[in-house]
Amino acid sequence: MIKVCIASSRWKEIGTKCYQWAESNLPSDTELVLEPTECDVFISVLYGSLVSEEFISKRRCYNFHPGILPQYRGAGAFSWAIINGEKRCGVTLHELDVDIDTGPIIDTNTFAVEAWDTAETLFKKGMDAIYGMFQEWFWTIIKGGLVSGKPQEGGHTYYRKDLRAAQDLTRFVRAFTFEGKEPAYYTDRNGNKIELRW
């Protein structure tokens, strides 16, 4: 009997959705368990904690990451995709290792970043992509039929503190505050230019 744990931080909606799909599509020789230490296969779906090297050494471990690896490790990948002016973003299935989102890459699913997208709309697209990827790969993952993923080279890790720092636009507003010159601005979803003044 193969014991599988599908872990998600505070049972985020996507984790629950994946768990319920797996429960309805479980092979007869497979059992879902809630306790990670009891499993043979650990599947992270937006699980917010790092796992130890000892934990990984005793089971096969995989992660569905909301971002394209290796460029968007860590937190807030969809926000950073917009900040960085990306035309595409996506989700990645990779093997877990002890660092943050650095394990070998198995598969990536990308989608367009449209001019009207926000972090929230990209997150929703990403959750749909993770759900589809989870369904596509679930049986292969639990049966151990995966070929080794491709090791990551380069990349960047974003931390929550980086995203919090980027939220503060004070310096940008100050930098473009000059009598007689155009101030900092943003364009709303209707194409209106909204000026930001100090």
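Higher on the page you've got the structure.
Residues numbered from 1 in each chain as written. Predicted model: local features only at pLDDT ≥ 70, side-chain atom pairs only at ≥ 80, totals over all residues. Heavy atoms only, no water.

Novice: If you had to explain the sheet that holds strand 4 (residues 60-65) to someone new, which residues and values would you point to?
Specialist: Strand order in the open sheet formed by six strands is 2-1-3-4-6-7, with mixed pairing between adjacent strands. Either end of the sheet is taken by a strand with one partner, and the two such strands are strand 2 (30-32) and strand 7 (105-112). For this sheet, the mean angle separating the axes of adjacent strands, direction not counted, is 15°. Strand contacts of helix 1 (residues 13-24): strand 1 (2-7), strand 2 and strand 3 (41-45), with the helix running at about 155° to strand 1, the strand carrying the most contacts. On top of the sheet, helix 4 (residues 119-143) reaches strand 1, strand 2, strand 3, strand 4, strand 6 (88-95) and strand 7; it is set at about 155° to strand 7, its chief contact. (Pairing = 2+ DSSP bridges. Helix = DSSP H or I, 4+ residues; strand = E, 2+ residues; numbered from the N terminus. Axes fitted to C-alpha atoms, helices over the stretch in contact; angles between N-to-C directions. Contact = heavy atoms within 4.5 Å.)

Novice: Please set out the nonpolar core residue by residue, giving values where relevant.
Specialist: Ranked by size, the top nonpolar core spans 34 residues in total, and within it Val4, Ile6, Ile43, Val45, Phe64, Phe134 and Phe138 carry the most contacts. Ranked by residue count, the leading element in this core is helix 4, at 11 residues. If we ignore the near neighbours within four places in the chain, the residues touching Phe134 are Ile6, Cys18, Trp21, Ala22, Ile43, Val45 and Phe64. Counting 10 residues, the second largest nonpolar core, distinct from the first, contains Cys5, Val33, Phe55 and Ile56. (Core = buried A, V, L, I, M, F, W, Y, C linked by side-chain atoms within 4.5 Å. Buried < 20%, exposed > 50% of the residue type's maximum accessible area, 1.4 Å probe, protein only.)

Novice: Quick rundown of the pairing of strand 3? Include the residues and the values.
Specialist: Counting buried residues in strand 3 gives five out of five residues, a clear majority hidden from the surface. Where strand 1 meets strand 3, four bridges bridge the pair, whose relative direction is parallel. What sits directly across from Val4, in strand 3, is Val41. Where strand 3 lies against strand 4, five bridges are found, and the strand directions are parallel. When the sheet's bridge partners are listed, Val45 is paired in strand 4 with Phe64.

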